[in-house]
Amino acid sequence: GAGVSQSPRYKVAKRGQDVALRCDPISGHVSLFWYQQALGQGPEFLTYFQNEAQLDKSGLPSDRFFAERPEGSVSTLKIQRTQQEDSAVYLCASSSRGGSGELFFGSGTQLSVL
Amino acid sequence: QKEVEQDPGPLSVPEGAIVSLNCTYSNSAFQYFMWYRQYSRKGPELLMYTYSSGNKEDGRFTAQVDKSSKYISLFIRDSQPSDSATYLCAGNTNAGKSTFGDGTTLTVKP
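Below is a short write-up of the structure.

Calculation notes
Residues numbered from 1 in each chain as written. Chains lettered and ligands numbered in written order. Predicted model: local features only at pLDDT ≥ 70, side-chain atom pairs only at ≥ 80, totals over all residues. Heavy atoms only, no water. Helix = DSSP H or I, 4+ residues; strand = E, 2+ residues; numbered from the N terminus. Rg over C-alpha atoms; globule rule 2.2 N^0.38 Å. Buried < 20%, exposed > 50% of the residue type's maximum accessible area, 1.4 Å probe, protein only. Contact = heavy atoms within 4.5 Å. Areas by Shrake-Rupley, 256 points an atom, 1.4 Å probe, with all protein chains shown as cover. Lys, Arg positive; Asp, Glu negative; His and termini not counted. Charge placed at Lys NZ, Arg CZ, Asp CG, Glu CD. Pairing = 2+ DSSP bridges. Axes fitted to C-alpha atoms, helices over the stretch in contact; angles between N-to-C directions. Polar contact = N/O pair within 3.5 Å; in protein donor to acceptor, adjacent residues only side chain to side chain. Core = buried A, V, L, I, M, F, W, Y, C linked by side-chain atoms within 4.5 Å. Buried area = accessible area lost by both parts, 1.4 Å probe. Salt bridge = Lys/Arg side-chain N within 4 Å of Asp/Glu carboxyl O. Nonpolar A, V, L, I, M, F, W, Y, C, P; charged D, E, K, R; others polar.

### Comments concerning the overall build of chain B
Scanning chain B from N- to C-terminus turns up 0 helices and 11 strands. Scanning chain B from its N terminus toward the C terminus, one meets helices and strands in the order β-β-β-β-β-β-β-β-β-β-β. Rg of the C-alpha trace for chain B: 13 Å, near the compact-globule value of 13 Å for 110 residues, within the 12% margin. Projected onto its principal axes, the C-alpha positions of chain B cover 40 × 25 × 20 Å. Each of the 110 residues in chain B was classed as buried or not, and the buried ones make up 44%. At a minimum sequence separation of 6, the contacts of chain B that also span at least 24 residues come to 53%. Total accessible area on chain B is roughly 5,200 Å²; 48% of this is exposed by carbon and sulfur atoms. For chain B, the separation between the mean place of its 11 positive charges and that of its 11 negative charges on side chains is 5 Å.

### Comments concerning the sheet that holds strand β8 (residues 75-79) of chain A
Residue and element names in this part refer to chain A. Read across the sheet, 4 strands follow the order β1-β3-β8-β7 without closing on themselves; strand pairing throughout is antiparallel. Two strands lie at the open edges of the sheet, namely β1 (5-7) and β7 (65-68), each paired on one side alone. Going across the sheet, the axis of each strand differs from the next one's by a mean of 15 degrees, ignoring polarity. With 4 bridges joining them, β7 and β8 adopt antiparallel strand pairing.

### Some thoughts on the side chain of B:T99
Residues and elements named next belong to chain B. With respect to the helices and strands, the residue T99 is situated in strand β10 (residues 98-100). Among the polar contacts made by the side chain of T99, one reaches the side chain of E3 at a distance of 3.4 Å. Those residues in contact with T99, other than ones at most four positions away along the chain, are E3, V4, F30, C89, A90 and G91.

### Regarding the nonpolar core
Counting 22 residues, the largest nonpolar core has B:W35, B:L74, B:I76 and B:Y87 as its most contacted members. Going through the elements one at a time, β3 (19-25), β4 (32-38), β5 (45-51), β7 (61-66), β8 (71-76), β9 (85-92) and β11 (104-109) of chain B are the ones with two or more residues in this core. Considering each element in turn, this core owes the most residues, 4 residues, to β3(B). The contacts of B:L74, once residues within four sequence positions are left out, are B:V19, B:S20, B:L21, B:W35, B:L47, B:M48, B:F61, B:T62, B:A63 and B:Y87. The next biggest cluster of nonpolar side chains, apart from the first, holds 20 residues, and it includes A:L46, A:L60, A:L77 and A:V113.

### A closer look at the interface of chain B and chain A
The interface of chain B with chain A comprises 21 residues on the first partner and 23 residues on the second. Around 1,700 Å² of area is buried between chain B and chain A when both sides are counted, 50% of it from carbon and sulfur atoms. If you look at where chain B meets chain A, you find 1 salt bridge. Inspection of the region where chain B meets chain A yields 5 residue pairs in polar contact (both at pLDDT 80 or more). Secondary structure elements with two or more residues in the side of chain B that touches chain A: β4, β5, β9 and β10 of chain B. No other element matches the 4 residues that β4(B) contributes to the side of chain B that touches chain A. Residues belonging to the side of chain B that touches chain A are distributed by class as follows: 9 nonpolar, 7 polar and 5 charged.

Structure representation (structure tokens):
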């Protein structure tokens, strides 16, 4: 595709629900990243894939957060038993340059947990 | 203390002004430095990508990196109302994750 595509664009969840956020990276980009952005703050790193391998998951806030990229293309970020503090914009980015920082971001999924 | 610090602003300038945006960082292992522009309700868009110290120019935008003082700058010449956005600086150690500042909000008034 022309750019990074994320769905849904908005998600409202009741506290305790599980949610799944999808990311379609730019075709051919081997690296895929998930970031969390709170209102008024910069993106915070969550996890990083190179192809299907999850190379770094040090930013995932708790074991309720899980990400996968089984075929090295589309990725899903899953949050189990959502809490109010999980409310944020979840950004996906892809890169052709591996881990050196040239990121192309999607528009994000805005998650609101009530 | 955050690894990358930015003055949040807001910064308001008249159209045509030269804008200077700045960041400081604390991680000596950063090798790559980026500036992103983020419009409301959109993802960040890469503006400038530089390796190590030095200057890089692209149209109206110039990025400067001084690794000795751990200082990153972005200059915008002939600023336009369409430049109104939040500007994010970031550093990367070439090990995957990029670390972002919290952004500076810029408004360019016609």
